[in-house]
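Each chain, letter by letter, is given below.
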Amino acid sequence: MSEDYDAGSIQVLEGLEAVRKRPGMYLGDPHDGSALHHCIWEVVDNSVDEHLAGFNDTVEVVLHPDHSLSVRDYGRGIPVDQHDEFGISAAEVIMTKLHAGGKFDNSSYKVSGGLHGVGVSAVNAVSEWMEVVIHRDGTVYKQRFEAGVRVSDLEAIGTCDDTGTTITFKPDLSIFTNIIEFDFDQIDSRLKETSFLNAGLRIVITDERGDEAHQVEHHYEGGISEFVKQLNARRETLHPDPILIAGEKEIEKGPVTVELALQWSDAFSESIQCYTNIIRNKDGGTHMSGLRGALTSCINGYAKKKNLLKNDGLSGDDVREGLVAIVSVKHPDPSFSSQTKDKLVSSEVAGIVQTVVYEKLNEFFEENPSVGKLIVDKAVLASKAREAARKARDLTRRKGVLEGGGLPGKLADCQSRKPEECEIYLVEGDSAGGSAKTGRDRRTQAILPLRGKILNVERQMHNVAKVFQNNEIQTMIRAFGAGVGNNEDDEGAFNTEKLRYNKLIIMTDADVDGAHIRTLMLTFLWRFMRPAIEKGHVYIAHPPLYQLSKGKINRYAFSDEERDAIIDELRGDNPAAKIGVQRYKGLGEMNPEQLWETTMNPETRTMLKVTVKEAEETDRMFETLMGEDVPERRAFIERHAKEGTNLDI
Ligand code: 0RA
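Keep in mind that this is a model prediction, so the values were computed, not measured.

Cut-off values and rules
- Residues numbered from 1 in each chain as written.
- Predicted model: local features only at pLDDT ≥ 70, side-chain atom pairs only at ≥ 80, totals over all residues.
- Heavy atoms only, no water.
- Phe/Tyr/Trp six-rings, centres within 6.5 Å; stacked < 30°, edge-to-face > 60°.
- Helix = DSSP H or I, 4+ residues; strand = E, 2+ residues; numbered from the N terminus.
- Buried < 20%, exposed > 50% of the residue type's maximum accessible area, 1.4 Å probe, protein only.
- Lys NZ or Arg CZ within 6 Å of the ring centre and 35° of its normal.
- Near = heavy atom within 4 Å.
- Polar contact = N/O pair within 3.5 Å; in protein donor to acceptor, adjacent residues only side chain to side chain.
- Areas by Shrake-Rupley, 256 points an atom, 1.4 Å probe, with all protein chains shown as cover.

Q: Explain the packing of aromatic side chains residue by residue, including any values.
A: Overall, the coordinates contain eight aromatic pairs when judged by the stated rule. Seen from their ring centres, Phe169 and Phe182 are 6.2 Å apart, and the 80 degrees between their planes marks the pair as edge-to-face. Residue Phe169 is located in strand S7 (residues 164-171), and its partner Phe182 is located in the loop between S7 and helix H8 (184-197); the two are separated by 13 residues in the primary sequence. Like Phe169, the residue Phe182 is buried in the burial classification. Geometrically, the ring pair formed by Phe468 and Phe528 is edge-to-face, given 5.4 Å between the ring centres and 85 degrees between the ring planes. Taken together, the positions of Phe468 in helix H15 (residues 464-469) and Phe528 in helix H17 (residues 512-528) put the pair 60 residues apart, joining distant regions of the chain. Across the pair, exposure class does not vary: Phe468 and Phe528 are buried alike. A network of ring pairs unites the aromatic residues Phe196, Tyr220 and Phe227 as a single cluster. Note that Lys503 overlies the ring of Tyr539, its terminal NZ or CZ placed 5.7 Å from the centroid. Here the basic side chain of Arg530 rests over the ring of Trp526, its NZ or CZ set 4.1 Å away from the ring centre.

In structure tokens form, the structure reads like this:
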């Protein structure tokens with residue numbers, strides 16, 4: 001360290017020393033990877049700010065073999081002129097003065113970085129070394145730091161004809177422990193989100209650490225609208241394009257802008273993701289409540305006006321069923337409930353979002369009455385279902401579905417009476433039911449064969465009595481022994497604590513009919529036994545499509561691609577080798593041993609857990625499970641073997 005440090009620089013050092021001493025306070029936990037990755041977001045945010053300011057369209061992130069990481073942008077370049085107060089270059093101030101990033105230029109320029117975090121200087125403090133290279137005014141400048149302390153001047157090292165900034169840093173391993181390597185997947189998914197939230201920004205990530213460099217690029221001209229489309233990619237949507245809503249309101253501190261994309265599908269789940277200044281607020285907050293308020297009043301108003309509402313009003317849950325939405329708020333000075341910014345609490349935002357959404361959504365409905373009707377119809381159905389589930393309780397009690405008759409005759413129950421170790425297979429068809437009964441572990445596995453298609457309860461919401469006259473439905477209610485109806489406060493309503501089995505496993509053929517029956521069962525469960533799904537008791541069995549054999553070797557394939565891969569593998573060097581290929585047209589074609597081995601044995605089976613959360617993750621899962629990429633799919637199943645995998649409805 002040089003002797004000629006002035007008062008300003010000493011202050012700087014004290015600031016950075018504090019970061020090194022208590023990295024957790026500034027960057028998050030240095031031992032579980034969160035602070036390590038926070039360093040990247042911190043640096044990237046500055047480049048995103050240049051994009052928001054209108055000067056940058058590309059960010060390049062490179063993971064180097066020596067475990068340093070660089071972030072390059074093509075913005076204006078950090079200013080290099082002398083800073084009056086500190087007597088050092090502006091760049092050095094930004095690199096070494098805590099919080100300098102946000103305070104440096106207090107115009108409306110800083111949106112994400114200025115409000116996101118602690119600035120590049122905090123990252124500098126926890127880096128073994130950091131180098132900044134600036135392209136500005138035709139000159140290339142460079143300066144190097146170690147543990148946050150300058151070890152060279154900002155030097156002109158060449159000429160250039162572009163502008164921009166590259167910051168490279170190597171995390172100091174005396175500060176980060178346990179997880180000390182950058183995680184490509186985490187970086188990829190976070191920066192993908194960043195590029196969705198910044199329409200037009202190109203983010204290129206290159207991993208140079210392995211034998212072969214690996215590169216991905218994220219660039220979405222459609223921004224949050226494309227984000228929503230992707231989240232709904234595998235759903236049946238009610239309207240082809242997300243509804244885009246944008247608005248702005250001036251408050252004392254500056255402009256608050258709100259941007260939303262909304263799209264309904266025929267799914268049951270609701271997924272609303274909220275952001276403030278590009279940061280995810282996983283617990284929502286005032287933007288979320290503003291949106292909810294507007295949706296409820298707007299959709300009820302429209303339904304009344306169009307005479308689509310017969311009796312009661314639609315509840316918030318009703319109008320949000322099947323909705324995927326992104327809410328992105330930019331605010332000059334937001335407040336959060338905690339350091340981690342999980343929840344936005346700035347109260348004025350609720351009113352701003354509510355007003356903007358109410359106005360724009362009404363406009364949309366006026367201009368697109370057919371979409372408006374579909375959305376209202378969906379909400380009305382949800383509302384009727386809610387009412388039906390309420391009635392169900394009385395009805396089933398009166399008819400003795402619950403108490404009378406004991407266990408259904410078709411049920412092959414398990415021996416154990418400890419629900420926590422018991423499972424019930426809901427099996428399509430009698431012949432599959434037969435194999436399952438023979439093949440099962442009869443101590444813990446019960447089998448309930450269901451004949452043919454179960455009733456489509458969605459079409460019977462006006463006539464609940466009919467739902468409960470249905471044989472298969474009565475049988476399920478009695479076998480589960482946990483009541484029916486979603487309102488937990490009602491006596492006799494479905495109660496997971498009374499469930500006779502911890503796992504309800506739907507096992508249907510791996511074909512279109514099987515998928516249909518599965519949907520009908522899930523629909524019934526969602527409408528009348530929702531807590532079973534919400535509390536994670538419902539699973540989908542995953543039977544194979546093919547058996548492949550060579551001599552005594554038996555293998556199973558879950559897709560055509562996997563079948564081909566296994567055939568290649570079994571042939572090995574002998575292309576003439578005889579491989580037996582059996583295609584299972586239905587579960588019934590499997591003998592009991594095969595069914596046990598491939599689909600029912602808890603040690604080896606793969607099941608999907610039915611959830612109503614995290615649409616995004618599940619989409620990726622779906623892609624992986626049902627997609628074309630066989631090695632990826634296999635790796636996935638191995639990683640998530642047994643009960644780890646989710647199916648979002
Ligand atoms: C302060 C002022 C200006 C730009 C920047 C900071 C800036 C910082 C970083 C960090 C990474 N990339 C960056 N790009 C820009 C505005 C300078 C001007 O008015 O020309």
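So much for the structure itself; the text now carries on.
Q: Please provide a residue-by-residue account of the site of the ligand, values included.
A: Among the eleven residues in the neighbourhood of the ligand, the closest are listed as Asn46, Glu50, Asp73, Ile78 and Arg136. A distance of 2.7 Å separates a nitrogen atom of the ligand from a polar side-chain atom of Asp73. At 3.1 Å from an oxygen atom of the ligand is found a side-chain nitrogen or oxygen belonging to Arg136. Bound to the protein, the ligand loses 87% of the 460 Å² it would expose on its own.

Keep in mind these numbers describe shape, not what the thing actually does.
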